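Single-letter residue listing:
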Amino acid sequence: MSNITIYHNPACGTSRNTLELIRNSGNEPTIVYYLETPPSHDELKKLIADMGITVRELLRKNVEPYEQLGLAEDNFSDDQLINLMLQHPILINRPIVFTPLGTRLCRPSEVVLDILPEPQRGAFTKEDGEKVIDESGKRMK
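What counts as what
- Residues numbered from 1 in each chain as written.
- Predicted model: local features only at pLDDT ≥ 70, side-chain atom pairs only at ≥ 80, totals over all residues.
- Heavy atoms only, no water.
- Helix = DSSP H or I, 4+ residues; strand = E, 2+ residues; numbered from the N terminus.
- Rg over C-alpha atoms; globule rule 2.2 N^0.38 Å.
- Contact = heavy atoms within 4.5 Å.
- Lys, Arg positive; Asp, Glu negative; His and termini not counted.
- Charge placed at Lys NZ, Arg CZ, Asp CG, Glu CD.
- Pairing = 2+ DSSP bridges.
- Axes fitted to C-alpha atoms, helices over the stretch in contact; angles between N-to-C directions.

Colleague: Tell me about the overall build of the chain, residues and numbers included.
Modeller: A tally of regular secondary structure across the chain gives 5 helices and 6 strands. Reading the secondary structure of the chain in the N-to-C direction produces β-α-β-α-α-α-α-β-β-β-β. Against the compact-globule benchmark of 14 Å for 141 residues, the chain has a radius of gyration of 16 Å, which places it among compact chains. Across its three principal axes, the chain shows a C-alpha extent of roughly 50 × 30 × 25 Å. When contacts within the chain are restricted to residue pairs at least 6 apart in sequence, those whose partners lie at least 24 apart make up 57%. The centroid of the 16 positive side-chain charges in the chain is displaced by 4 Å from the centroid of its 21 negative side-chain charges.

Colleague: Would you mind going over the sheet that holds strand 3 (residues 96-99) in detail, with residue names and values included?
Modeller: An order of 2-1-3-4 is seen for the 4 strands of this open sheet, with the pairing classed as mixed. Strands at the two margins of the open sheet, each flanked by one partner only, are strand 2 (30-33) and strand 4 (102-105). In this sheet, neighbouring strand axes are inclined to one another by 15 degrees on average, regardless of whether the strands run parallel or antiparallel. Pairing of strand 3 with strand 4 involves 4 bridges; the strand directions are antiparallel. Bridge assignment links isoleucine 96 to a residue of strand 4, and that residue is leucine 105.

Structure, rendered in structure tokens:
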């Protein structure tokens, strides 16, 4: 049983890179495909609180429902925004990872390195060719 969970969208490069960084540390996380199985209202509220961000900071702005729902206007309460994210899970920014060391919105993907309990086991290069971890498992920047 893994002590790491990722809220994952396999269509997202950042989410795929984050998942592979977790695996590069020797861990196989619990994967929650949040578009199909969104968290409950209370779970999403707790994730936001644990990340130390605002509800708006978790809101994806570059997806169709954002403009259609008028979310750019600041006239929604946090609970209303959470409810809209649960009705339209594509509005939830990703990936979200929680480990025994914390919970983070992993954008960019290497943010996950700050909360992984195990070190990287070898080199890692992002899908776009950016080298993140060297051959000895050390962060390059």
